[in-house]
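Chain by chain, the residues:
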Amino acid sequence: MCNTCGCTITPGNRPLVLAETPKHGVTTVTVLQNLLSQNNHQADHNRAHFDAHQVLVINLMSSPGSGKTALLEATIKRLRDSLSIAVIEGDLETENDAQRIRAQGVPAYQITTGTACHLDAHLVHQALHHLSLENLDLVFIENVGNLVCPASFDLGHHRNVVLLSVTEGDDKPAKYPVMFRAADLLLISKTDLLPFLDDFSVEKAEQNQHNLANTAPVLAISAKDGAGLDAWIAWLHAEIAQHKARLQNQQTTQPKVHQDTGLPSVAEVKPKFYPVSKPAAPR
Amino acid sequence: MHELSLCDDLLGQVIAIAADNKAQAVASITVQCGPLSGVEPLLLDSAFAMVKVGTIAEQAELIIQSAPVIVQCQRCGEQSEASANHLICTACNSPDTLLISGNQLILASIGLDCAV
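Notes on the structure in this doc start here. (Residues numbered from 1 in each chain as written. Chains lettered and ligands numbered in written order. Predicted model: local features only at pLDDT ≥ 70, side-chain atom pairs only at ≥ 80, totals over all residues. Heavy atoms only, no water.)

**Regarding the sheet that holds strand β2 (residues 61-65) of chain B**
- Across the sheet, 4 strands lie side by side as β1(A)-β6(B)-β1(B)-β2(B); this open sheet has mixed pairing. Each edge of the sheet is formed by a strand with only one pairing partner; in this case those strands are β1 (26-34) of chain A together with β2 of chain B. The average undirected angle you get between the axes of adjacent strands in this sheet is 20°.
- Where strand β1 (residues 25-33) of chain B meets strand β6 (residues 105-113) of chain B, 8 bridges bridge the pair, whose relative direction is antiparallel. Bridged to B:C33 within β6(B) is B:L105.
- Against the sheet, helix α1 (residues 2-20) of chain B makes contact with β1 of chain A together with β1, β2 and β6 of chain B, and its axis sits at roughly 40° relative to β6(B), the strand it touches most. (Pairing = 2+ DSSP bridges. Helix = DSSP H or I, 4+ residues; strand = E, 2+ residues; numbered from the N terminus. Axes fitted to C-alpha atoms, helices over the stretch in contact; angles between N-to-C directions. Contact = heavy atoms within 4.5 Å.)

Below you can see the structure in the form of structure tokens.
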């Protein structure tokens, strides 16, 4: 964005810009700068760092208790022999989730956010000082359980996976459009509980998601009985392969929320190496 | 309360622009915040009241403007006003739409007091 030629003026903000009238003694400066620009800058830095290590990074988001950690445990069990995985955990307090992941034989770093309700790109950057990306294929960032704030922050990851457990209700996409619009994949979780519920319809959840003009795939899964996990694992393998192919062409993968940030994006892909913990290895 | 961390970013930008323009004070800050930005205008307002204390923007009025939710259909070309949780094309029902307004979270302009 250049702030000079008017390329930042969109149909949404044009009336606002035109409405400005000069007032005595006050100079109005038109800025049109995204409020998340600091976070987005750090996120691009993180993404470049991930890309330099050829690792696909998935941001897992959902309400608390939707089964993010249980899904990761089941996923690691299936993939640990074929892929090298690490996990960054976000919670307000405790190391519980990181310990559950480590028990699966995979490195995990726990970010405790204190009172903050979401992870941001700066917190993830700090976590990268504690987690080696050498030879990894896949990193999961398990965001703070929250259907509101995490959706607004690009972490530098490549894909958003949103979980909706069947006990939460099939209208969640209609209630939390910002979150569900950002999903690159929607997982309907805990489907083993469906026989005990008479008020959750997978079709209705899909319809509510469809109404957000989000055509991302929807998979119904149960980490407990393993239903749907084959399709989830296949999705992960396909994403890893596509991401590697993009990197070959000097391109990266952007999560959905990052593609339309309200300002026309002119950001180019910079396959540059940003050292986080160690000096850059010559590539 | 991620509005508080957003205000840090906002204030940083405002202070930098005020310094560039050698302003004595910031009179007003206009932010555009669409319904799909994930930010609640009331919370942004109260968070800003906290962070502005002791800065060049201490007296600044924060003007928060909403934005319409507008989608452009990629199939039939229709541009229509939508609601935050119904973003498919109102004309042809296609989900292949582009959100062209509604998720803005933009520092639109600031009023600077440059009088000597």
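Alright, that's what it looks like, and here's the rest.
**Remarks on the interface of chain A and chain B**
- Every contact between the two is made by 39 residues of chain A and, on the other side, 42 residues of chain B.
- Of the roughly 3300 Å² buried where chain A meets chain B, counting both sides, 60% is carbon and sulfur surface.
- Our count for the chain A to chain B interface comes out at 13 residue pairs in polar contact (both at pLDDT 80 or more).
- Those elements that place two or more of their residues in the side of chain A that touches chain B are β1, α2 (37-52) and α7 (177-181) of chain A. (Buried area = accessible area lost by both parts, 1.4 Å probe. Polar contact = N/O pair within 3.5 Å; in protein donor to acceptor, adjacent residues only side chain to side chain.)

**A short note on the pairing of strand β7 (residues 185-189) of chain A**
Residue and element names in this part refer to chain A.
- With 5 of its 5 residues buried, β7 lies for the most part within the structure.
- Burial of β7 is two-sided: the residues L185, L187 and S189 facing one way and the residues L186 and I188 facing the other way are all buried.
- Note: β7 against strand β8 (residues 218-220), 3 bridges, orientation parallel. Within β8, the residue paired with L187 across the bridge is L219. (Buried < 20%, exposed > 50% of the residue type's maximum accessible area, 1.4 Å probe, protein only.)

**What to know about the nonpolar core**
- Counting residues in hydrophobic clusters, the biggest one holds 46 residues, and the most contacted among them are A:I88, A:V139, B:L10, B:I29, B:F48, B:L107 and B:I110.
- Breaking this core down by element, the ones donating at least two residues are β1, β3 (85-91), α5 (121-128) and β5 (138-142) of chain A together with α1, β1, α2 (41-51) and β6 of chain B.
- Among the elements that make up this core, the one with the highest residue count is α1(B) (7 residues).
- In contact with B:I29, other than residues within four places in its own chain, are B:L10, B:V14, B:F48, B:A57, B:A60, B:E61, B:L62, B:I63, B:L107, B:S109 and B:I110.
- Residues A:L72, A:I101, A:L163 and A:L236 belong to the second largest nonpolar core, which totals 29 residues. (Core = buried A, V, L, I, M, F, W, Y, C linked by side-chain atoms within 4.5 Å.)

**Here we look at the environment of A:V148**
Residues and elements named next belong to chain A.
- As for its position among the elements, V148 is in the loop between β5 and β6 (159-165).
- Separated by 30 residues in sequence, V148 and H118 place their C-alpha atoms 8.7 Å apart.
- Beyond its immediate chain neighbours, meaning those up to four positions away, V148 contacts Y176 and M179.

**Description of the environment of A:S165**
All names here are of chain A.
- Mapped onto the secondary structure, S165 falls in strand β6.
- Measuring from C-alpha to C-alpha, the distance between S165 and I221 comes to 9.3 Å, with 56 residues separating the pair along the chain.
- In this structure S165 touches S66, S189, K190 and F200, once residues within four positions along its chain are discounted.
- Separated by 2.6 Å, the side chains of S165 and E168 make a polar contact.

**Comments concerning the environment of A:Q99**
Residues and elements named next belong to chain A.
- Locating Q99 in the fold gives a position in helix α4 (residues 96-102).
- The partly exposed category is assigned to Q99, whose relative accessible area is 46%.
- Taking C-alpha positions, Q99 is 9.2 Å from Y109, a pair spaced 10 residues apart along the chain.

**Description of helix α8 (residues 202-210) of chain A**
Residue and element names in this part refer to chain A.
- Those residues of α8 lying buried are V202, A205, N208 and Q209. Down the axis of α8, the buried side of the element spans an arc of 125°, and every buried residue falls inside it. Residues of α8 that are exposed and angled more than 90 degrees away from the buried face: E203 and K204.
- The secondary structure elements touched by the buried residues of α8 are β6, α6 (172-175), α7, β7 and β8.
- Where α8 begins, the side chain of S201 points an oxygen toward the backbone nitrogen of E203, at a separation of 3.3 Å. (Arc of directions from axis to C-beta.)

**Section: the pattern of salt bridges**
Residues and elements named next belong to chain A.
- Overall, the coordinates contain 9 salt bridges over all chains when judged by the stated rule.
- The partner of R47 in a salt bridge is D154, and the shortest N-O contact between them spans 2.7 Å. With R47 in helix α2 and D154 in the loop between β5 and β6, the pair connects residues that are 107 residues apart, well separated along the chain. Accessibility assignment for this pair places R47 and D154 in one class, buried. (Salt bridge = Lys/Arg side-chain N within 4 Å of Asp/Glu carboxyl O.)

**A few points about helix α3 (residues 68-79) of chain A**
Residue and element names in this part refer to chain A.
- With 12 residues, α3 should cover 16 Å at 1.5 Å per step; its first-to-last C-alpha distance of 16 Å lies within 8% of that length.
- Of all 12 residues in α3, 9 are buried, a share of seventy percent or more.
- Along α3, the residues that are buried comprise K68, T69, L71, L72, E73, A74, T75, I76 and L79. (Expected span 1.5 Å × (residues − 1).)

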